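Here is what each chain is made of, one letter per residue.
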Amino acid sequence: MQALTIISAVNDALMTEMQNDKNIVTFGEDVGVEGGVFRATVNLQKKYGEKRCFDSPLAENAIVGTALGMAMGGLRPVVEIQFSGFVYPAFNQIITHVSRMRNRTRGALTAPMVIRMPYSGGIRALELHSESMEALFGHIPGIKVVIPSTPYDTKGLLISAIRDEDPVIFMEPKRLYRAFKQEVPEDAYTIPIGKAAIVQPGTQLTLISYGSQMKEAKEATALLQKEGISVELIDLRTIYPYDKSTILESVKKTGRLLVVHEGPRSFGVAAEIIAMVSKDAFEYLEAPPTRLTGADTIFPLPSAEHHYMIHTAHIVKRATEVIRYQP
Amino acid sequence: MFENFDPREGKRLQILNEDGQINSDLPKLPMLTNKQALHAFKIMVITREADDWAVSLNRQGRMPTYPPVKGQEANSIGSLMAVKNEDWFVQAFRELGGLLIRGVPLTQHYLYFLGNEMGSFYEPEKYHVLPISVPISSQLPHAVGLAYAEQYKGTDNITIVFNGDGGTSVGDFHESLNFAGVWNAPVIFYVQNNQYAISVPRHHQTASTTIAEKAFGYGFEGVQVDGNDVFAVYAATKLAANHARKGNGPTLIEGFTYRLGAHTTADDPTRYREDQEVADWIKKDPLIRLEKYVLNNKLITEQQIVTLKKEAKKQAHAAFEEADNFQKESLDNTFRYTFKNIPPILEEQLEQRRELEGGLK
């Protein structure tokens, strides 16, 4: 066992899995010599050589497009988009090819590849360095979307993503990159994609969150506990395909649901979960399923960032309202 | 490799002229043998017949929108003859001749345009063909990635990828040539410059004199060939393929050609080009000049050509009927290829769809 941060767990997953599978290559902007601007790929080039870990020219669309070509050619590329805010030029490749190749060719050609990208705000960054746009990816048929929130899950989920036969968008909560350490096995292990984690079992309220927002969700859970409120905290971990059965089982037990995420509200992940719960657990609900999310605004620059972010106290406030709700 | 045909000096490689004569004052170049020339001719005949039949079927209401290949056949036929079967062939959408050279059944081409996903199912080990890519030029990065993968695996396989003159305006064209140059990838970019992107003429796509000369900005060679001359196409592609195979990186080939038909059956080219221009290009038809060549060199008789064309027509008709009677895609198949294993939330949607299609109970 080793104590790792999330960012070092990303590195460790790549280090471990590239040892196991010679077809894995990783590339992107500054990924080679520098080891990535966040150091996710540090020492990979030194260990595995320039053919397996390298810098690419600065063009996200071609990074993803060439990775797809490599995947169809038998490799398993893991590409890095430096910030999720720069992925938009690559949407053409993601939507028109990466997500569709298996279906288009009736399985003759597939896209086993991972597109990694740091996302989330709260790091006092420049414009387009803070957004949480996972819902955009969740809406594209044919790709999986994974967001870990702990070092242990990061390694296990990234290895699963690399081994997956379908394309995976792997969004990393950069606010938590170095926030804390956790014991992580040195060997390879996997955590299944599509499976949520019950971080803390509880009976009165189901609180669902994921990624960077999990920090505040955990703090809120602990505070509510002190108030005598029993919260079941679920880390969604996979945005698509999301773990419907774990969510339903929990809501049927608690009767109350609060979904919290940083991304904008309308047409977001919480909207999907709440729509599903409202239909499939309607008769169990004791309060309106509620969401606490980022607003449908442009993410503010650092001077006003705190007007966007969801703090622990905000979650406690909304959770209390859901708990106290009387029809 | 193309010192004698530098596009920046206004040079274009032509071997077989409009009269079916071989230009005699050329340096030594890879040449099609008589046997290969005859094969190219036969494939061009079936391509033309199959293409004309598709257009005619569209008018009969039996074929949805179809993009004719007529006039451009030599580009993909000559170039696909210059590479080996294991080399990746990344299509745009006007490379029917090349597909037939590769051995892909004509039925599959019809199946695609009839709107059946199985038209994009090319057994990878057998054909090494990527399916038609609808968004213009978005297939170019795939070719570079495939080339990288082959190089990485240590094979000597190369990749040839097609797009058109309009496609050179797309960012993917720049990005792909740039990546290929930096990675020294074994890839050939073949641009079929057919003079129009639907209605927009070539000079509205780029201010550069030729498309081929753009290659030099990416650190590799470009050459412009007479795209209606199957010999020139073959020679340039053969040189470029050897160059790539030896580890010397990419090449850009511009096939200077002309679309004799409409962009698609939904297009009316009389709105944007003069009859005289089309008439001038008909004289340069790749099939007419290759037919002159095979006759002049006694590779075939006139009577045999009549029979060949008749047979080709029959073959096209039979292939279309086969495609038209091909099993339609099922509800299950519209779901099952989204992922390798269908996730529970998608399985549920399939169940719901089945139930809906079952009607009210």
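As the structure is a prediction and not an experimental result, all values here were calculated from the model.

Scoring rules and cut-offs
Residues numbered from 1 in each chain as written. Chains lettered and ligands numbered in written order. Predicted model: local features only at pLDDT ≥ 70, side-chain atom pairs only at ≥ 80, totals over all residues. Heavy atoms only, no water. Domains from an automatic or database assignment. Contact = heavy atoms within 4.5 Å. Buried area = accessible area lost by both parts, 1.4 Å probe. Salt bridge = Lys/Arg side-chain N within 4 Å of Asp/Glu carboxyl O. Polar contact = N/O pair within 3.5 Å; in protein donor to acceptor, adjacent residues only side chain to side chain. Helix = DSSP H or I, 4+ residues; strand = E, 2+ residues; numbered from the N terminus. Nonpolar A, V, L, I, M, F, W, Y, C, P; charged D, E, K, R; others polar. Expected span 1.5 Å × (residues − 1). Buried < 20%, exposed > 50% of the residue type's maximum accessible area, 1.4 Å probe, protein only. Arc of directions from axis to C-beta. Pairing = 2+ DSSP bridges.

### A few points about the domain arrangement of chain A
All names here are of chain A. On domain assignment, one finds that chain A holds domain 1 (2-184) and domain 2 (197-324). Taking only C-alpha atoms, the centre of domain 1 and the centre of domain 2 are 26 Å apart. Tallying the contact residues gives 29 residues for domain 1 and 26 residues for domain 2. Each partner contributes to the roughly 2100 Å² buried at the junction of domain 1 and domain 2, and carbon and sulfur atoms together form 56% of this total. If you sort the residues of domain 1 by the area they bury against domain 2, Arg 124, Ile 147 and Arg 175 come out on top, with a joint share of 22%. Across the domain 1-domain 2 interface, the total number found is three salt bridges. The salt bridge partner of Glu 216 is Arg 175, with a shortest N-O separation of 3.5 Å. Counting across the domain 1 and domain 2 interface gives 14 residue pairs in polar contact (both at pLDDT 80 or more). Of all the secondary-structure elements, those providing two or more residues to the side of domain 1 that touches domain 2 are helix 6 (134-138), strand 6 (144-146) and helix 7 (151-163). Classifying every residue of the side of domain 1 that touches domain 2 gives 14 nonpolar, eight polar and seven charged.

### Quick notes on the side chain of Gln 2 of chain A
Tracing the sequence through the fold places Gln 2 of chain A in strand 1 (residues 2-4). When neighbours within four sequence positions are excluded, Gln 2 of chain A is seen to be in contact with Asp 12, Lys 155, Gln 182, Glu 183, Val 184, Pro 185 and Glu 186 of chain A.

### Digging into the domain arrangement of chain B
Split into domains, chain B comes out as domain 1 (3-329) and domain 2 (330-361). Computed from C-alpha coordinates alone, the two centres of domain 1 of chain B and domain 2 of chain B are separated by 39 Å.

### Concerning the interface of chain A and chain B
Contacts between chain A and chain B engage 47 residues on the former and 42 residues on the latter. A combined buried area of about 3600 Å² lies between chain A and chain B, and 67% of that area is made up of carbon and sulfur atoms. At the boundary of chain A and chain B, one finds three salt bridges. The shortest N-O distance in the salt bridge between Lys 244 of chain A and Glu 348 of chain B comes to 2.3 Å. By residue number, the principal contributor to the side of chain A that touches chain B is helix 3 (residues 60-72) of chain A, which donates nine residues.

### Observations regarding helix 10 (residues 269-280) of chain A
All names here are of chain A. If you check helix 10, its first and last C-alpha atoms are 17 Å apart, about what 12 residues at 1.5 Å a residue would give, namely 16 Å. Of all the residues in helix 10, the buried ones are Val 269, Ala 270, Ile 273, Ile 274, Met 276 and Val 277. Each buried residue of helix 10 sits inside an arc of 160° when the element is viewed along its axis, so together they form one side.

### Section: the sheet that holds strand 3 (residues 159-164) of chain B
Residues and elements named next belong to chain B. Read across the open sheet, the six strands follow the order 2-1-3-4-8-7; overall the sheet is parallel. Two strands lie at the open edges of the sheet, namely strand 2 (129-130) and strand 7 (221-226), each paired on one side alone. Sheet topology note: the strand 4 (residues 187-193)/strand 8 (residues 251-256) ladder contains six bridges and is parallel. Paired with Gln 192 across the two strands is Gly 255, which belongs to strand 8.

### Structural notes on the side chain of Glu 216 of chain A
All names here are of chain A. Mapped onto the secondary structure, Glu 216 falls in helix 8 (residues 214-226). A polar atom in the side chain of Glu 216 sits 3.5 Å from the side chain of Arg 175. Residues contacting Glu 216, with those up to four places away along its chain left out, are Arg 175, Ile 310, His 311, Thr 312 and Ile 315.

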